[in-house]
Every structure is written in structure tokens, then in C-alpha cells.
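Read off the chains here:
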Amino acid sequence: MQKIIVAIDGFASTGKSSLAKRLAETLNYTYIDSGSMYRAVTYFALQEGHQGHIDKEKLLAKLDQIEIYFKYSKSGYQTFLNGLNISKEIRLSEVTEKVSKVSKIIEVRELLVTQQQKLGAKKGIIMDGRDIGTVVFPKAECKFFLKASPEIRAKRRQLEQIKAGNNESFASVLSNLKERDLMDSTRKFSPLTKADDAIEIDVSEMSLEEVYHQLLEHISKKII
Ligand code: DC
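Criteria and thresholds
- Residues numbered from 1 in each chain as written.
- Predicted model: local features only at pLDDT ≥ 70, side-chain atom pairs only at ≥ 80, totals over all residues.
- Heavy atoms only, no water.
- Helix = DSSP H or I, 4+ residues; strand = E, 2+ residues; numbered from the N terminus.
- Buried < 20%, exposed > 50% of the residue type's maximum accessible area, 1.4 Å probe, protein only.
- Areas by Shrake-Rupley, 256 points an atom, 1.4 Å probe, with all protein chains shown as cover.
- Lys, Arg positive; Asp, Glu negative; His and termini not counted.
- Charge placed at Lys NZ, Arg CZ, Asp CG, Glu CD.
- Pairing = 2+ DSSP bridges.
- Near = heavy atom within 4 Å.
- Polar contact = N/O pair within 3.5 Å; in protein donor to acceptor, adjacent residues only side chain to side chain.
- Phe/Tyr/Trp six-rings, centres within 6.5 Å; stacked < 30°, edge-to-face > 60°.

Draft legend 1. Inspection of the overall build of the chain at higher detail. When helices and strands are counted, the chain shows nine helices and eight strands. Here the chain holds 224 residues, and 48% of them are scored as buried. As displayed, the chain has an accessible area near 11400 Å², and 53% of this comes from carbon and sulfur atoms. One finds the centroid of the 35 positive side-chain charges in the chain at a distance of 2 Å from the centroid of its 30 negative side-chain charges.

Below, the structure written as C-alpha cells:
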């Protein structure tokens, strides 16, 4: 069966990662969460910065020291930065609050986009993010763009946070989401936009199960 590239873009907390992961398992494809790469660079920048501030010049000077890779194990998809498993750390609110600022930096984007393209060179990949269908894989055979109301997404994010042991109020999650939406959609380089040939799905009133089946149906048409 022919292997293709599937790009799943859209707003934060629309279920992109869970869907991409499950679809990759079903299809026996590689799954890559591109957001975790931007989070890993943000985590690195925070470590190098001072008291929660990011020093852009220092980050740029050390960009070539960043090595990100992934492992799949029983405990799930894990993100490594320079040999350390930082899967939990990259979900902390300190990282979430700063990640849109770091993702605006063109040098960071160029570095990560090149790595993402290498990961997809052999196809058979499902990548989720913000610019996968527009910039990383403009020729991807199957592209999706997911959206949902900010309130529904904030509720989802809050539940995920609680499961991960991070207690954050609904108001604070919602305000961070709205701020990130704005920064991600208005940034100068590769802003969050729907690719012309992407299938747009509003998941506000849909269960993850329903979205999964819809995406799988579209993908199946491309690989048969
Ligand atoms: O998918 P996520 O919420 O974990 O992504 C975190 C941030 O990373 C998001 O606010 C914007 C940035 N990002 C990006 O700029 N481009 C991508 N392809 C993926 C994520």
C-alpha cells in the first residue's frame, strides 16, 4: 500500500495530537508532534534564561546545541532533549506561556522545519502542528485543519492538565489559549492558517471518536 504524508493542523486543544497518534497506530505510520519540538526549544531557552525570562540572543547562540528526538515506549510518546526525557516538563505552564514567543523566532522555525522535513522524507508519517500543510509539507497528500470554540478547547486543556497533576483555573487556561491563538495566527513567519487544499473540520460538537472516524475515512481514500 502506498505511504503518504498526513498533515493535521489547527488551533491548540482541538485533539490534534490524540487523533494523530491514534491514526498513526492504526495505519502503522510514524507520529510526530511538532508542537513538542517548539516546546522542547522553549524549555531549553527557559533553562538558559533567567527567572522565567528568555534571552533570545543567548538562545540563538546555542541553537546548534539542541538535539531533539522521540521514543515510543509502553508509557507512550516521549520527547527527549539532549538525552533527557522532558515529556512532562514541556507540558508545564511556564513552557506553555512562553512557547508562542519562541515559535515566532525565524531561526527556531527554520531549524525545526528542516528537522521535520527530514523525518517525513520516507513518507508514512502523520504530523500535527500549525504549519505542517502550509510550510513543512505543502505537498502532503492529505491535510486537515481542526478548529473549535475557545471555551470548549479550554475545558479540554484544563481536564488534561488536571490529569497530569497541574491545577490551573479555567479562566487562566482560557486566557492563555486566546493569547496563543492570537500570537500563532498573527505572527510574521508561518502563521497558523488553513492550507487551501486542507479539509476544515469544526470539532466543537464532535467526540474524538467521531473526528477519528472522519479523518480515517478521508485518509483511506488517499491510500487505496
Ligand atoms: O500543539 P501545541 O499546543 O503543543 O504547540 C505549542 C506551540 O508551538 C503553539 O502554541 C505554537 C507552536 N507551534 C508552531 O508554531 N508550529 C507548529 N508546527 C507546532 C506548534
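There's more to say after this.
Draft legend 2. Representation of the environment of Glu 97 in the model. By the element assignment, Glu 97 lies in helix α4 (residues 93-103). With 77 residues separating them in the primary sequence, Glu 97 and Leu 174 have C-alpha atoms 12 Å apart.

Draft legend 3. Inspection of the pairing of strand β6 (residues 125-129) at higher detail. For β6, a buried count of five out of five residues is recorded, marking the element as mostly surrounded by other parts of the structure. Note: strand β1 (residues 5-10) against β6, five bridges, orientation parallel. Bridged to Ala 7 within β6 is Met 127. Pairing geometry for strand β2 (residues 30-33) and β6, over four bridges, is parallel. Considered in β6, the bridge of Ile 32 is made with Met 127.

Draft legend 4. Region of the structure containing the site of the ligand. Around the ligand lies a shell of 17 residues, among which Arg 39, Arg 109, Asp 131, Arg 180 and Arg 187 are the nearest. In the model, an oxygen atom of the ligand is placed 2.7 Å from a nitrogen or oxygen of the Arg 39 side chain. Contacts to the ligand include Asp 131, whose side-chain N or O atom sits 2.8 Å from a nitrogen atom. Isolated, the ligand exposes 450 Å² of accessible area, and the fraction of that covered by the protein chains is 98%.

Draft legend 5. Structural context of the packing of aromatic side chains. All told, the structure shown has five aromatic pairs when counted by the stated rule. Ring plane angle 55° and centroid distance 4.8 Å describe the contact between Tyr 31 and Tyr 77, whose orientation is recorded as tilted. With Tyr 31 in strand β2 and Tyr 77 in strand β4 (residues 76-81), this pair connects stretches of sequence that are 46 residues apart. Tyr 77 shares its class with Tyr 31; the two are buried. Between Tyr 72 and Tyr 77, the ring centres sit 5.5 Å apart and the planes meet at 65°, which makes this aromatic pair edge-to-face. On the basis of relative accessible area, Tyr 72 is assigned to the partly exposed category, the value being 48%. On the basis of relative accessible area, Tyr 77 is assigned to the buried category, the value being 14%.

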